[in-house]
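Residues per chain are reported as follows:
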Amino acid sequence: MQNRARLNGQHDLITTVVSKPFSIPGQVMDRALNSGSQSFQGLWRGAEQSRTIERLRSEVKAASLYTETMRDLRAQNDLLRKQLNLPSDSEGSRMPARIIYHSPLENRVTLNIGSSSNVKPGCPVVNGDGLVGIVQVVEKSECQVQLITSPLPFKVGAMIMSEIPVVGLIHGQSSDRLVLDLVDMNAKVKDGDLVVTSGIAKSLIPRGIVIGRVVSVDTKEQFGLKSVVVFPEVQMSQAREVFVLR
Amino acid sequence: MKHTWLVLALVWLLGVLDFGVAPHMALLGVRPDFLLVGTIAFSQIFPRPGSAGIGFLCGLVRGAIVGANLTHYVLSRTLTGFIGSWFRSSQRGQSALQMFITVVIGTFFAHLVFLMTAAPSNVATFLTDTIIAAIYNGVIAMPMYVLLSKFLGLNSRQRL
């Protein structure tokens, strides 16, 4: 029953009923502790924090300029695609969210937004560093995200940005290790190559979201396989604020 | 059990602490498992059926909070409650240090059952986390057990 519900992008009835009396007061407590610790930090690190605020203000200005340029370029790109009768590849809107629960053993996080914010199963979740995971289960005011570090059968379409880009499916192996299996034995991949989403798998994930960097390549000639080990750009344990791409 | 409502209220409190407070108490990437500590602490107070029932409830709550497969959590916590109650040292009350040791062993046992029913992707990391979690849970168990005993109105020689 639980697996069937999850495949439909929902929690089963028992999980929903049991978790509610804990998640609501738990969130209140979490918020109170967050603001308490921030106020406490403010007492000791006031000067440093005001410098940080100044730096962030200037970064926001630079980012808004960059976003404006990106929007213009995207509009131009959409127009040209339309003229060539190609479908639009725009990634839609970004919905900010906060991680309210992280279960490292289950490779899963819970976000504070859900179907009321138009979040759907399969939506990618990102932060400033790259892809965090994929929304798996959606409720009215929260959703659960399967992290990119999840092991098989969870897979995401990925592309290595080497001289000649190579595509494959990536899956997690541990909290700091992802594996991309390639069938092409002659693919030229080297350490440090950037790995991004391919956008060609049957999902809502757009192309070009950063996943990580290649740290080693393991060739298994007898099986005709090349395994590429990737270090994820997102540090899952430190991620707090994220965006859901809708 | 005559303390049913009190136990339910305490399990609720442990669940809320697990959801809202435990993430802020992470140490070396491992957070305390209040519900597991509660299961083991209760198992040192209540008889076997009651302890298994509390373990079942704590497993159900933990699984629902995590959003994971409920079976693994329910099974590991129910067994931990039952076995913990079975093997409690004697009819005499426990000291805080004995409680620390009991919770360390209990956490190892619960994680072992969990490992056998739902093998994690990286067993080495899981075992490292288990060692840290066992010690962390043990430290938390000492004041929790003292508080539980006071809440339930027990002296050091009473058991339910």
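In what follows, the accompanying structure is described. Quick caveat, the model's predicted, so the values are computed rather than measured.

1. What about the sheet that holds strand 7 (residues 166-174) of chain A?
All names here are of chain A. If you trace the six strands once around the closed barrel, you get 6-7-8-11-10-9, paired in antiparallel fashion. Averaged over all pairs of adjacent strands, the angle between strand axes in this sheet comes to 45 degrees, irrespective of strand direction. Judged from the five bridges that link them, strand 7 and strand 8 (residues 177-182) form a sheet pairing that is antiparallel. In the strand pairing of strand 8, His-171 is matched with Val-179.

2. A short note on the environment of Val-11 of chain B
All names here are of chain B. Within the element layout of this structure, Val-11 appears in helix 1 (residues 4-20). Counting along the chain gives 46 residues from Val-11 to Leu-57, while the straight-line C-alpha distance between them is 8.0 Å. For Val-11, the contacting residues outside a window of four places in its chain are Gly-38, Ile-54, Leu-57, Cys-58 and Val-61.

3. Concerning the packing of helix 1 of chain B against helix 2 (residues 34-43) of chain B
Residue and element names in this part refer to chain B. Here helix 1 crosses helix 2 at 150 degrees, and the two axes come no closer than 8 Å. By the angle class used here, helix 1 and helix 2 are roughly antiparallel. Together, Leu-10, Val-11, Leu-14, Gly-15, Leu-17 and Asp-18 of helix 1 and Phe-34, Leu-35 and Gly-38 of helix 2 make up the contact between the two elements. When grouped by side-chain class, the residues that make up the contact of helix 1 with helix 2 number six nonpolar, two polar and one charged.

The rules we used
Residues numbered from 1 in each chain as written. Chains lettered and ligands numbered in written order. Predicted model: local features only at pLDDT ≥ 70, side-chain atom pairs only at ≥ 80, totals over all residues. Pairing = 2+ DSSP bridges. Helix = DSSP H or I, 4+ residues; strand = E, 2+ residues; numbered from the N terminus. Axes fitted to C-alpha atoms, helices over the stretch in contact; angles between N-to-C directions. Contact = placed C-beta atoms within 7 Å. Parallel < 35°, antiparallel > 145°, perpendicular 65-115°, else oblique. Nonpolar A, V, L, I, M, F, W, Y, C, P; charged D, E, K, R; others polar.

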